[in-house]
Amino acid sequence: MRIRVEGRHPLNGIYQPAGNSNAAISLFAASLLTEDAITLNNVPDTTTTRTMLKLAEKIGSVFTYVDKNTVTIRTAQLTKRALTTDDTEGFVSALLFLAPILVRRQYVRMEIDFPLSRIRTHLDALRDLGLELTVADGAIECKSSTWDYKDIILTQSSVTATSIVMMLAACLGKETVIHNAASEPHVQELAELLEMMGAQIQGLPSNVIRIFGKPDLHGTEITISPDHIEAASVAAISAMTEGRIQIDGINKTHFRVIDKIYRRLGINLDIDDHAIFVPRHESLTLSDREEDVDLAIETMPWPNFPSDLVATATVVATQARGTSLIHEKLFDNRLLFVDKLNAMGAQIVLCDPHRAIVIGSSPLHGIYMDSPDVRTGLGMLAAALVAHGETIIDNAQALNITFDGVVTKLKALGAKIEIE
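The rules we used
- Residues numbered from 1 in each chain as written.
- Predicted model: local features only at pLDDT ≥ 70, side-chain atom pairs only at ≥ 80, totals over all residues.
- Heavy atoms only, no water.
- Core = buried A, V, L, I, M, F, W, Y, C linked by side-chain atoms within 4.5 Å.
- Buried < 20%, exposed > 50% of the residue type's maximum accessible area, 1.4 Å probe, protein only.
- Helix = DSSP H or I, 4+ residues; strand = E, 2+ residues; numbered from the N terminus.
- Contact = heavy atoms within 4.5 Å.
- Pairing = 2+ DSSP bridges.
- Axes fitted to C-alpha atoms, helices over the stretch in contact; angles between N-to-C directions.
- Parallel < 35°, antiparallel > 145°, perpendicular 65-115°, else oblique.
- Nonpolar A, V, L, I, M, F, W, Y, C, P; charged D, E, K, R; others polar.
- Salt bridge = Lys/Arg side-chain N within 4 Å of Asp/Glu carboxyl O.

Enquirer: Now, about the nonpolar core: what can you tell me, with residues and values included?
Expert: Counting 73 residues, the largest nonpolar core has M166, L168 and L194 as its most contacted members. Ranked by the residues each element gives to this core, the list is headed by helix α6 (residues 159-172), at 10 residues. When near neighbours in sequence (up to four residues on either side) are disregarded, L168 contacts A99, L102, V103, L126, L129, L131, W147 and G173. One finds L11, Y262, L269 and L410 within the second-largest nonpolar core, a separate group that totals 71 residues.

Enquirer: Outline the sheet that holds strand β16 (residues 270-271), listing residues and values.
Expert: The four strands lie next to each other as β2-β15-β17-β16, forming an open sheet whose pairing is mixed. Looking along the sheet, the strands with just one partner apiece sit at the ends: β2 (12-15) and β16. Strand direction decides the pairing type here: strand β15 (residues 244-248) and strand β17 (residues 275-278), joined by four bridges, are antiparallel. Of the residues in β17, the one forming a bridge with I247 is I276. Contacts from helix α8 (residues 228-240) reach β2, β15 and β17 within the one sheet, and its direction differs from that of β15 by about 170°.

Enquirer: Please give an account of the packing of α6 against helix α7 (residues 185-197) that cites residues and values.
Expert: Here α6 crosses α7 at 10°, and the two axes come no closer than 10 Å. On the basis of their axis angle, the class for α6 and α7 is roughly parallel. Residues V159, T162, S163, M166, M167 and A170 of α6 form the contact with α7, whose own contacting residues are H186, V187, L190, A191 and L194. Of the residues that constitute the contact of α6 with α7, the class distribution is eight nonpolar, three polar and no charged.

Enquirer: Describe the pattern of salt bridges, naming the residues involved and giving the relevant values.
Expert: Applying the stated criterion to the full structure yields 19 salt bridges. A salt bridge links R2 to D394; the nearest nitrogen and oxygen atoms lie 3.2 Å apart. Here the residue R2 occupies a position in the segment before β1 (3-6), and D394 occupies one in the loop between β24 (390-393) and α13 (406-412), the gap between them amounting to 392 residues. One salt bridge in this structure joins R210 and E175, with 2.6 Å as the shortest N-O distance. Of this pair, R210 sits in strand β13 (residues 208-212) while E175 is found in strand β11 (residues 173-179), placing the two residues 35 residues apart along the sequence. Judged by its relative accessible area of 31%, R210 falls in the partly exposed class.

Functional significance is not addressed by these values, which are geometric in nature.
Next comes the structure, spelled out in structure tokens:
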């Protein structure tokens, strides 16, 4: 998919973010822990959710769409306990299915086609739970066991590793404590579902979680919360285009740190329990001067500023008066997108793969842009929407990997986007 974006058009109206795609995929996996029906409401239609449901079907699930965004999943039995790379199609989130297969079939074999370093935390966690694990010939093999009490610490606060351990502990352990656990909104959503299915989970949204398991979980129904990354990105786009919008259906607690960082970037939001109002911003100016820059933004594990917003925050920094230091602490090479912003007229110095200095404000102009990364896609779209002239974004289907209909919804607010 290729899109043409004409920038500098204010957004106006009411915006409704879709359900959190990252929450949906973990809830899909948890739905396979029981043979009872699980109904999920507000399911986003994204590449990620479609891939996850397709794999669940291969494993033995039967799913029925009640309407466009409501799906009921029933898994009477799991028909596979060995997944090949053809089954998973290189989809790293397929690791989430390790938990239900281990719980219900006591053994799982999964071929992998990515470096083991990407899942070292996950493998260590399985071993710490006392599970028999081997890695050989490009595959993970694991046998399940039960436990009365386990107290483990994750080497990284990984969302996927935390989710796998939570699901296993909800069924195989009597009591499990996880230290350095991830606590993002989608992890909290998984915990809510597991509790509704019969487990007891304490500690969230802190990073120490205590789980009291139950051997037989039961069916239930849950509504997925709107995506806070989508909502925060659209709020920033509105502010930069001098728009005026209302974003409905949000959870106020998801925006506590995001709101603080946005205010330092010059974006003032009015947030109540279920909505964000973005007033018209004529200009943006950085606040809270640091020692040698006007503002330092650091990404860190939740509840701190999320890495998935680093691209959008960097674009805002190009439009705000002052000098910013962007410090991406969590992932290597996630700041490499700044070369595209520099090509658009930004003044950004990439110090190393984790740090960039942004000098604002700088007018941006349209360019041809190829294949935005899934993590930076909305940030690159934000840059196109605030740039002068036309920007062409090739391979823009990357926007659909985790966000449902974001281009169509932005067009409804007045964005000039042509889909080719």
